[in-house]
Structure formats: C-alpha cells, structure tokens
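Architecture and fold: a report
If you want the building blocks of each chain, they are given just below.
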Amino acid sequence: VPPVATPPAPLAAGGAARPRDMTPPAPATGAQPVPRSARARPSALSHWLRENWVYAVAGISLALAGVFLVQYGMENGWLPPALRVLAALAFGLALVAGGEVIRRRHGDSPDAVTAYLPSVFAGAGIISVFAAILSARFLYGLIGGEATFAALVATGLGALVLGWVMGPLLAALGLAGAAAAPFLTGGGAEAPDWLVAHYALIAALGLGIDTLRRWGWVSVLALGLAFAGGALLLLAGLSQAAYALLVAGLVPLAIAIPARGLRPDQAGPSFVQVAQGQGKSVPFPLMLAAGTVLAASLVLLALSDSDGGTALLAFGLLAGLTLLLLLWPDRAPALHELALLPATAFLLRAVTEASEYGPLFSAFEAAALTLRPPETEAPLTLGILLALAGVMAVAFVLRARRGTLFHGLMTMAAAALPAALVTLAEVLWVPAATLGAFPWALHVIALAALMTALALAVARDEPAGARAGTAHLALSALVLVALALFVLTSAAALTLALSVLVVLAAALDRRFTLPEMGLAVQAGLAVIVYRLVADPGVPWGIGASLPAVLLSHLAPAVAAFVALGLVRPLPRPATRAALETGLVVAPALLADVLILRWLEGEGTYWQAVALGLPWLMVALGQLWRARPDLPLRQLRLVLAAMAALPAVAALLAALTVLNPLISADPVIGPPVLNTLALAYALPAALLLAARGRIPWLPPKGRAVLLGAGVGMLAVYAVLAIRHIWQGPDLSRAGTTQAELYSYTVALIALGGGLLWQGIARRSIALRRAAMAVIGLAVAKVFLVDAAGLAGLMRVFSFLALGLSLAGLAWLNRWAGQRAGASGPQAPPPL
C-alpha cells in the first residue's frame with residue numbers, strides 16, 4: 001500500500017491556491033511497503049560474494065558446463081546441429097527446473113540448508129539457454145535474426161520472473177540478457193527505431209521488480225541498461241530522434257513505477273532541504289528520479305543531427321520534462337526542484353546551438369535579411385524557443401500557486417528563464433539580422449507582457465511585505481523591456497530609457513517593499529555606466545550632438561537622485577551606495593566629454609588628466625562615504641580603489657611620458673590659467689582639499705594625499721614658470737637667467753608661506769618643511785644660480801637670498817620663543 005500524502009491546499013476565494021504547507025506527509029498506518037533489504041545495496045552485494053563465493057563459483061561452473069556441452073558436441077560431431085542446440089536447451093531448462101524444485105521443497109531463505117542453491121542452479125540454466133540460442137544463430141545458422149531476438153527476449157523475461165521469486169542476482173541476469181539481445185542477433189546494418197520500446201520495457205520490468213521486492217540496485221541496473229543500450233544502438237543506425245524519445249520516456253517510468261500509480265507520492269527531504277540541514281539524506285526513490293532526470297537532460301543537451309529536427313525535438317522534450325516535473329507530482333513536492341535540471345539544459349542547449357555546427361543556428365543565420373530572397377518569411381526557430389520558455393515560466397508560476405516546498409525558487413526560475421533566453425539569443429544568435437529589429441523587439445515585449453501578467457497573478461497570493469515572487473517576476477519584466485529598448489532605440493534614448501527603469505524599480509520597491517528591486521537598480525546603473533564609458537562610450541560623446549550628450553549623461557544623474565530619494569527611508573544600503581556612485585559618476589563622465597569637446601588640439605597630457613580627473617573625484621567621493629560608522633564601508637573602499645586606477649594612470653602619464661617637457665606638446669592658454677593648471681594644479685587642489693575633508697583616513701592615507709598633492713603642485717609651479725619665459729613649447733633646450741632666478745624666488749616664497757602657516761597653526765611639522773624648502777633654495781643658489789647667472793642678476797640674486805634668509809631666521813626664532821613660553825617644543829634650527 002503506497003503512503004498516503006496530504007492533498008493539495010484548498011482553493012482560496014478567487015480561485016487561487018495559497019502556498020502553503022507542503023511538508024512531506026507521513027506514511028499512513030496499516031500495511032507498509034516491503035522495506036528495502038540489505039541486499040539492495042551494492043556494498044551488501046559485495047559482502048554477500050565475500051561470504052558465499054562458493055555459490056557463485058558453482059553457478060559459473062554449471063553455466064560453463066552447458067556452454068562446453070555445445071562446444072564439445074560440435075568438435076566431436078555428435079548429433080546433428082539442431083539436436084545439439086536442443087540438448088543445450090534441455091540441459092539449461094533442467095538446471096532451472098532443479099533449482100525451482102529445491103526452492104519449493106527446502107526453501108531459499110538465508111537460514112535454510114539449501115540457501116542460494118535455487119538461484120545458483122537457475123542462473124546457470126539461464127546462461128546455458130542463452131548459449132544455446134546464440135549457437136543456433138551464429139554457429140549453425142538454424143534461425144534468423146528476428147527469431148533469435150524473440151528467443152533472447154523471452155529468455156530474459158523468464159529470468160526476470162524467476163528472479164522475482166528467487167533473488168535479485170537472477171533478475172539482474174535476465175535484464176542483462178534481454179539488453180544484450182539486440183546486439184547478439186546479427187541481421188541488417190541499421191537498427192530499427194522500434195527497438196527503443198524494447199529498452200523501455202527492460203527499464204519498466206526492472207523498476208517493477210524493485211518496487212515490490214525493494215532491490216534498489218536492480219532499478220539502477222535497468223535504467224543504466226536502457227540508457228547504454230540506446231546509446232550503443234545509435235552506432236548501429238538508430239535515429240537520434242528515437243533515442244531522444246526513449247530517454248525522455250524513462251523519466252516518467254522512473255517516477256511512476258516506484259510510486260505504484262499515476263500520481264507520484266515520493267516522500268522525504270529533497271536535495272535542497274538536505275543542503276539546508278532539514279534532513280539527513282535523500283531517500284532512494286528521489287535519488288533514482290533525480291539521476292534519471294539528470295541523465296535524460298544531459299543526453300537531450302548533447303543530441304543533434306544535420307537537419308535540425310532532432311535539435312528542435314530536444315528543445316521540446318526538455319520543455320516537456322520541465323512541465324511534467326512541475327505539474328504532475330502534486331503529492332510529491334520533493335520532485336518539484338528537479339524541474340530546474342531540464343530547464344537549465346534548455347538554456348545551455350540555446351548556447352551550444354549558437355555555433356557553426358548547430359543546425360538550427362546555421363539555418364537561422366543563413367536566412368538573414370541580406371541573404372534570403374525578398375518576400376520570404378523568416379524562420380520560426382527563435383519564436384518557438386521563446387514560446388517554450390514562456391510556457392515553462394507559466395508552469396513554474398502555477399507550481400508556486402498550487403503549493404510547493406520551494407515557492408521562492410519556483411518564481412525565481414519563472415522570472416529568470418525568459419530573461420536569460422532573450423539575453424543569450426541577443427548576444428549569440430543576433431536575431432535582428434534575421435528577423436529585423438522591430439519584429440525581434442515585439443517578441444521580447446510579448447514575453448515582458450507575460451512576465452507582468454504573472455507578477456500580477458502572484459501578487460494576489462503573496463501577503464504585503466513578503467512579495468519576493470512578485471519582485472522576481474517584475475524584475476524579469478523590467479529586464480525584458482530594457483532589452484527591447486536596447487534593440488530599438490538610439491544610444492541617448494536607450495540611456496534615457498534605462499534611467500527611467502531605474503526610477504521605476506526604486507518606486508516599486510518603495511510602494512510594495514520589494515528588496516529584490518534593488519538588484520534591478522544596481523544592474524541598471526551598471527549597464528548605464530558601461531554604456532557611458534565603453535559602448536558607445538566617451539568617443540561617442542565627443543562626436544555626437546551636444547543635446548544628445550547632455551541627455552545621455554544628465555538623465556542617469558537625475559534618475560539616481562530621484563531613486564535615491566525614493567529608497568532613502570528603506571533599509572537598502574547596497575542600493576543607496578550604487579545610486580550615490582551613479583550620481584557622481586555620470587556628471588564626472590559628462591565633465592570628461594565636455595572638456596574634451598571644448599579643448600580641441602593636439603595636446604595629450606591635459607587630455608589624459610581630463611579623462612582621469614572625474615575618476616579621481618569619484619574615488620575621493622567614495623572615500624568620503626567610507627566612514628567607519630556607515631554600512632558597506634568595505635564596498636565603498638573597493639569602489640574607491642577601482643575608480644582610482646584610471647585616475648592614477650592618467651596622472652602618472654601626465655607626469656612622465658606625456659609631460660610637455662618631454663612630449664613637446666604645447667601649452668594652450670595664457671599664463672597661470674592654461675592647460676597646465678588643468679593637468680597639474682587642479683588635481684593637486686583636489687588631493688589637498690580631500691586630505692582635510694576626510695578626517696577618518698589613517699595617517700598613512702593622509703600622508704599619501706598630502707605628498708601627491710604637494711608633488712603635483714610643485715610640478716605645476718615649475719612648468720608654469722617655464723611657460724612664462726619659454727612660451728607654449730616647454731621642451732626647448734636651455735634656460736634664461738630670468739627663469740633660473742624665478743625658480744629661486746618661488747622656492748623662497750614657498751618656504752616663507754610654509755613658515756607662516758606653521759606659525760599660525762603652531763605646527764612644528766610645517767615649520768620644518770619650510771626650513772627644508774629654504775634649504776633647497778640655498779642649495780640652488782650656490783650650486784645652480786652661481787654658474788648660470790651673471791652680472792647684476794647674480795648680485796641681485798645673492799642679495800635677495802641673504803635678506804630673505806635673515807628675515808626668515810628672525811621670524812622662526814620669534815615663533816620659537818613664543819612657542820617655548822607657551823609650552824610646545826623648541827623650533828627646529830635653521
């Protein structure tokens with residue numbers, strides 16, 4: 001008597017079934033199925049052979065006796081061939097009869113004196129009968145291929161019947177003999193397609209024996225022989241379509257026969273539940289079903305022929321298996337998760353087909369608009385695949401509404417399957433080239449409408465505040481709409497549409513509390529940034545019209561600002577971090593584009609910095625947001641590091657290989673306010689300002705910002721002075737006396753400014769830095785200016801240096817006396 005399962009949940013008002021409780025039912029009291037014996041396990045079989053090997057040897061010896069009887073009769077010329085075969089058959093049947101007599105009179109239980117003897121005699125007799133039939137076919141040519149096949153199948157069925165009452169070894173012998181029959185009969189070069197029914201029958205018989213006798217390994221053997229036998233028949237000419245039908249048909253057999261009925265009732269924890277710690281192990285019937293589904297999915301994924309018929313059949317069978325596993329086992333909820341296997345194989349098949357060896361893809365690609373004759377219809381291949389994906393999505397949603405252990409998993413699969421298929425098709429199949437952009441977009445929009453309808457249906461079942469299924473399906477609809485817009489719209493319009501979708505996703509989250517919408521917001525912003533940076537990217541912004549550039553960059557910034565306001569009251573730290581990043585990155589990229597459009601010329605150092613400057617702002621902004629008391633601090637630090645990479649690369653290039661002193665790139669603009677200020681002074685100002693605005697940075701980080709800022713500022717000062725005296729070309733050799741003296745004045749002025757700031761802030765570090773700069777000025781005067789200046793310029797240089805040093809020394813001593821009176825350390829000496 002099979003276990004009685006809890007019926008499906010009753011329908012609620014409005015006809016929708018509520019999800020809930022699909023806890024695996026306990027078996028009903030009364031007569032129970034026969035428990036699986038220890039002999040059902042392969043380990044138990046090996047243990048039995050170790051303990052009772054003498055019986056196995058005896059059976060092999062008796063079987064060889066029958067084989068050698070035929071061989072000996074042939075070698076010595078005893079009896080005509082027909083009588084030799086009949087003698088071997090009689091010997092085998094006598095052994096079978098003897099085993100049955102021993103079983104009936106003395107029993108075959110493990111504690112009986114005659115234990116295992118009936119199986120030994122009967123098994124040896126079956127092998128002898130097989131040998132007699134094969135000798136009649138191959139040695140003497142007495143019977144044809146059809147008669148040989150029928151005799152072998154009948155012998156195998158007889159062995160199964162005997163195994164039913166005598167033991168699993170005899171049943172296995174019958175299954176193996178019946179499976180080998182098609183390969184032992186000879187005949188034509190091609191195997192007929194109807195042989196798949198033979199292997200389906202073998203699988204059904206083995207599953208039936210296991211169902212009543214609980215010999216689990218017999219079921220595994222029967223299914224394995226069916227899969228392997230069909231695969232070998234492929235080499236003998238079996239059509240791939242017939243094998244596809246065989247492997248798909250094995251799935252319902254592996255589910256229904258162990259359940260002893262047309263309504264599966266396999267109980268116990270599923271694979272997902274065991275992985276979550278809700279059970280110790282998956283029961284054998286569920287493992288058997290899972291193994292069969294997995295094997296069938298892999299076979300249907302791999303099969304293909306030259307004309308595409310088998311490929312399309314494989315897609316249909318994978319979709320059919322998905323529907324079967326979702327809608328059939330109402331009383332076996334642990335089977336529902338197995339529908340993910342053929343559904344995944346369906347998507348993978350769409351990937352493997354998109355190659356030069358895929359017949360469906362080759363035919364689809366050959367029918368491109370530019371290749372096929374006018375007024376010729378496009379292939380329906382992709383439309384059929386999308387329709388199958390939509391039907392599977394509906395089945396997943398129906399399963400979720402009718403009740404399942406995996407409500408969230410079912411709705412997530414329903415949402416992911418169509419969106420994933422459309423994405424794969426867009427990337428790999430390039431449907432617009434064959435269908436046209438507008439028809440292909442209509443296909444995608446139709447799926448988006450279906451996802452919207454499914455989201456509304458699921459929303460009626462889910463309570464407010466726990467609408468994960470609704471969010472999954474709504475997210476899928478948004479992705480499909482975005483993909484349709486990607487096909488139809490221009491670069492600026494697509495960016496605008498994606499920005500609207502970001503706001504829409506945030507509004508859905510705010511209205512219905514759907515945390516999953518945060519994924520849509522983050523993915524949308526990632527796609528927008530990718531489009532602004534790479535495809536079509538900054539080069540498009542330089543050449544496109546100004547209104548299109550402003551629209552494509554300002555729309556994401558406005559969308560991020562609006563969406564940030566919508567999600568701010570919600571606990572969505574990751575979503576807020578993405579929106580804040582988008583709010584900074586989009587204007588930064590716009591600044592990049594506008595600077596490059598405005599500063600037209602052959603310069604390279606300022607172009608590199610113009611491209612890196614917005615990323616420097618993004619990196620500093622993320623550092624500013626990475627306060628220890630705010631969430632997602634590590635994520636913000638990672639984002640800051642990623643944004644800093646292009647910024648650092650640009651600044652290093654401007655300082656080295658692109659430096660106008662080396663590259664001979666001209667300086668554009670008047671003195672001080674020119675491209676040098678853009679390339680060096682502006683980054684220095686940002687770095688120095690950030691050092692004071694980010695107080696939570698560690699000391700090493702603040703020192704890095706200070707050193708980088710001062711270094712960039714020093715480079716700017718040197719290049720600006722040279723620009724004043726040399727003009728736009730800074731790479732000309734030599735320096736004038738005025739230029740040399742200007743550097744000295746600049747050093748002394750910088751030292752004085754640092755000293756003043758050190759006194760004003762009571763900072764010993766600044767005063768020491770001031771003395772270091774003044775020392776550098778002194779060294780320059782004595783080592784460089786003394787040789788490069790002449791006449792009154794040399795006199796004036798040393799006079800100014802002496803007066804400056806005297807004044808600075810007095811100022812430093814005065815500051816030190818005041819500091820000593822109030823307690824700080826003494827000032828550094830000059």
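Residues numbered from 1 in each chain as written. Predicted model: local features only at pLDDT ≥ 70, side-chain atom pairs only at ≥ 80, totals over all residues. Heavy atoms only, no water.

Okay, the environment of Arg213 next. Assignment of secondary structure puts Arg213 in helix H7 (residues 195-213). Sequence separation between Arg213 and Val165 is 48 residues; the distance between their C-alpha atoms is 9.2 Å. (Helix = DSSP H or I, 4+ residues; strand = E, 2+ residues; numbered from the N terminus.)

Below, the discussion takes up the packing of helix H8 (residues 216-235) against helix H11 (residues 284-302). One can describe the packing of H8 onto H11 by two numbers: an axis separation of 11 Å at closest approach and a directional angle of 10°. Taken together, H8 and H11 sit at an angle that is classed as roughly parallel. Residue-level contacts link Gly216, Ser219, Val220, Leu223 and Phe227 of H8 to Phe284, Leu288, Thr292, Ala295 and Ala296 of H11. Residues that form the contact of H8 with H11 fall into these classes: seven nonpolar, three polar and no charged. (Axes fitted to C-alpha atoms, helices over the stretch in contact; angles between N-to-C directions. Parallel < 35°, antiparallel > 145°, perpendicular 65-115°, else oblique. Contact = heavy atoms within 4.5 Å. Nonpolar A, V, L, I, M, F, W, Y, C, P; charged D, E, K, R; others polar.)

Moving on: helix H26 (residues 633-655). Over its 23 residues, H26 runs 32 Å from end to end, which matches the ideal 33 Å to within 8%, given 1.5 Å per residue. Listed in full, the buried residues belonging to H26 are Arg636, Ala640, Ala643, Ala647, Ala650, Leu651, Ala653 and Ala654. Residues of H26 that are buried make contact with helix H24 (573-598), helix H25 (605-625), helix H28 (675-693) and helix H29 (699-726). (Expected span 1.5 Å × (residues − 1). Buried < 20%, exposed > 50% of the residue type's maximum accessible area, 1.4 Å probe, protein only.)

Before going further, it helps to spend a moment on the packing of aromatic side chains. The final tally for this structure, using the stated rule, is four aromatic pairs. When the centroid spacing of 5.1 Å and the interplanar angle of 75° are considered together, the rings of Phe315 and Phe346 count as edge-to-face. Taken together, the positions of Phe315 in helix H12 (residues 309-327) and Phe346 in helix H13 (residues 340-353) put the pair 31 residues apart, joining distant regions of the chain. For the pair shown, Phe315 and Phe346 are each scored as buried. Plain terms: the ring middles of Phe364 and Trp429 are 5.6 Å apart, the flat faces sit at 70° to each other, and that makes the pair edge-to-face. Of this pair, Phe364 sits in helix H14 (residues 359-366) while Trp429 sits in helix H16 (residues 407-429); the two residues are 65 residues apart in sequence, bridging distant segments of the chain. Summarising the burial analysis for this pair, Phe364 and Trp429 share the class buried. Each residue in the set Phe361, Phe364 and Trp429 is aromatic and connected to the rest through ring pairs, giving one cluster. Of note, Arg349 hangs over the ring of Phe315, and the distance from its end group to the ring centre comes to 5.9 Å. (Phe/Tyr/Trp six-rings, centres within 6.5 Å; stacked < 30°, edge-to-face > 60°. Lys NZ or Arg CZ within 6 Å of the ring centre and 35° of its normal.)

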